[in-house]
Amino acid sequence: MLNKRANGVLMHISSLPGNTGIGTMGREAYEFVDWLKKAKQSYWQILPICPTSYGDSPYQSFSTFAGNPYFIDFDTLTEQGYLAKSDYENVKWGGHENYVDYGTLYVERHKVFSILHNNFKKNIPSDFGDFIKANDWLEDYSLFMAIKDAHGGVSFSEWEENIRKRESVTLEAWRGKCADRMEYYKMLQYFFFKQWFALKDYANKNGIQIIGDIPIYVAADSADVWSNPDQFMLDQNLVPVEVAGCPPDCFSADGQLWGNPVYNWEYQKGTGYAWWKKRLEKSLKIYDVLRIDHFRGFDSFYCIPYGAKDAKIGQWRQGPGMDLFNALKAQFGDMPIIAEDLGFLTDSVRQLLKDSGFPGMKVLQFAFDSREESDYIPYRYTANSIVYTGTHDNDTIMGWCETAAPKDVESAREYLRAGDNADLVKEMMIAGMASVSNTCVLCMQDLACLGKEARMNIPSTVGNNWKWRASKSMFTDEANEFLGHYTYLYGRAAK
């Protein structure tokens, strides 16, 4: 799938326009598929679709298997008779159409979901039981969320010891006590995946493949850790011994402290990597292509003592390397995986990427560092790679023009033969499409020529990330014609 020339657009579901506070899998998502098809695209890339936890990051979720209920479309449920428009159309979802108000969303969405649950119980779908049986992770996830609600939302590390450690008698007592709330969370997953697979089917029938995103790690406060503690490096109280992150570099003097528990790779190897096989099996059904975040962590990973305030003190530990991928390939064959191989790379990381056969990532914004020769300059690319102008962690191209080192911007201007900043935005996208990389993915913000106000995430910061949303007016005929023209010109047009 990734060995032919093709083009795509990166925009998360949350960034779609709409009238209920956040992008959903409703009409606007189908219209975006149509927009991509008209522009001769092959891919729609999104961020992780799991439920977000504190900080609203899709890379920190209560479950690696569940879907984000925020993306459930109310109009579709109304058409199916589970809601009335009056249940949600007059709700004030936030103060700005271009930014998600997660605080308001959390409160108001669950009010509507409560109405939905009451209606659902009166008319439970005939295939609801089959859905539960087909998703064995759902029992632990729904119980985890129900117990979390009963504890006021606090981390499971603060629960009573008998339920924190999943003592069997206590588990059964909680299942009885939380039966209705568990059904509520199972219902949300039922509707999420009904809508997701309908959208994916529509995209696929129109020649659009979905590129999904899998974070290498899971959140410390998640159903994954609570129900599978042996898979992670935890102490006897299920508290992480060490957490993941990145050491200090030129982008961050304190490094990046992610806080995720690291894997117990020795234990995982002893199980034949059963947990990862289950995760991949699920993901390969949800997405057409998988982007695995922080691929270098499979070679070696940076560990920070639990409780540290920053990532300055830590050490590198050996990852599973090809042993993991050989086990996965033995079960799944050739997998459509993109390796996010950005960051601090060593010869062993480069060798792992080569041995895996997965295409790595090339980011054009990194190509013009005036301080050193860059691996991201287009003439260094190979066909087996994915070129991006930027990712969700980068500024938009226009924002980069305004905030990057002037020498870097001037270097880009000279290399790309660009005039003003708006011209540089176009020329950088054209350079990506013209490159030898088999796949090129552009950001919707750049196609709309937006500035730093449309940036999705600034790493190592919290509070103002993951909020950007598009307006319908941004999906212009001009942007579509530009995208379609150069996609065709450089041999990337979908047939």
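Look up a bit, the structure's there.
Residues numbered from 1 in each chain as written. Predicted model: local features only at pLDDT ≥ 70, side-chain atom pairs only at ≥ 80, totals over all residues. Heavy atoms only, no water.

Chemist: Explain helix α13 (residues 347–356) here, please?
Modeler: Because each turn of an α-helix spans 3.6 residues, side chains separated by three or four positions end up pointing in the same direction. Among the residues of α13, those classed as buried are V349, L352, L353 and S356. For α13, the angular spread of the buried residues around the axis is 100 degrees, confining them to a single face. Along α13, exposed side chains directed more than 90 degrees from the buried face belong to D347 and K354. Two residues or fewer after α13 comes G357, characterised by a positive phi angle close to 85 degrees. (Buried < 20%, exposed > 50% of the residue type's maximum accessible area, 1.4 Å probe, protein only. Helix = DSSP H or I, 4+ residues; strand = E, 2+ residues; numbered from the N terminus. Arc of directions from axis to C-beta.)

Chemist: I'm lost on the packing of helix α15 (residues 406–416) against helix α16 (residues 421–434) in this one. Help?
Modeler: Remark: α15 packs on α16, axes separated minimally by 10 Å, with the N-to-C direction vectors making an angle of 60 degrees. Judged by the twist between their axes, the crossing of α15 over α16 is left-handed. Each of V409, A412, R413 and L416 in α15 lies in contact with α16, whose residues at this interface are N421, L424, E427, M428 and A431. Classifying every residue of the contact of α15 with α16 gives 6 nonpolar, 1 polar and 2 charged. (Axes fitted to C-alpha atoms, helices over the stretch in contact; angles between N-to-C directions. Left-handed = near helix turned anticlockwise from the far one by under 90°. Contact = heavy atoms within 4.5 Å. Nonpolar A, V, L, I, M, F, W, Y, C, P; charged D, E, K, R; others polar.)

Chemist: How do you make sense of unusual backbone geometry when you look at a structure like this?
Modeler: The bulk of non-glycine residues show a negative phi, and the bulk of peptide bonds are trans. The backbone of H294 shows a phi angle near 60 degrees, a positive value even though the residue is not glycine. By the element assignment, H294 lies in the loop between β6 (289–292) and β7 (300–305). Judged by its relative accessible area of 8%, H294 falls in the buried class. Even without being a glycine, R417 presents a positive backbone phi close to 55 degrees.

Chemist: I keep staring at the side chain of T439 and nothing clicks. Help me out?
Modeler: Positionally, T439 belongs in strand β12 (residues 439–443). Judged by relative accessible area, which is 0%, T439 ranks as buried. In contact with T439, other than residues within four places in its own chain, are L2, K4, A6, Y43, S385, I386, V387 and R492.

Chemist: I tried to follow the nonpolar core on my own but got confused; where do I start?
Modeler: As a rule of thumb, soluble globular proteins bury nonpolar side chains together. In this structure, F32, W44, W196, W276 and F298 are the most contacted members of the largest nonpolar core, which totals 155 residues. At 12 residues, the largest contribution of residues to this core is made by helix α8 (residues 179–205). Among residues more than four places away in sequence, those in contact with F298 are I216, W265, W276, I292, G319, P320, G321, L324, F325 and L352. (Core = buried A, V, L, I, M, F, W, Y, C linked by side-chain atoms within 4.5 Å.)

Chemist: Hey, could you run me through the packing of helix α5 (residues 138–150) against α8 in this one?
Modeler: Describing two packed helices takes the angle between their axes plus the distance from one axis to the other. Where α5 contacts α8, the two axes come as close as 8 Å, and the packing angle between them is 125 degrees. Taken together, the axes of α5 and α8 are oblique relative to one another. The chirality of how α5 crosses α8 is right-handed. Between α5 and α8, the residues in contact are L138, E139, Y141, S142, L143, M145, A146 and D149 and R181, M182, Y185, K186 and Q189, respectively. Classifying every residue of the contact of α5 with α8 by side-chain character gives 7 nonpolar, 2 polar and 4 charged. (Parallel < 35°, antiparallel > 145°, perpendicular 65-115°, else oblique.)

Nothing here speaks to function; it is all geometry.
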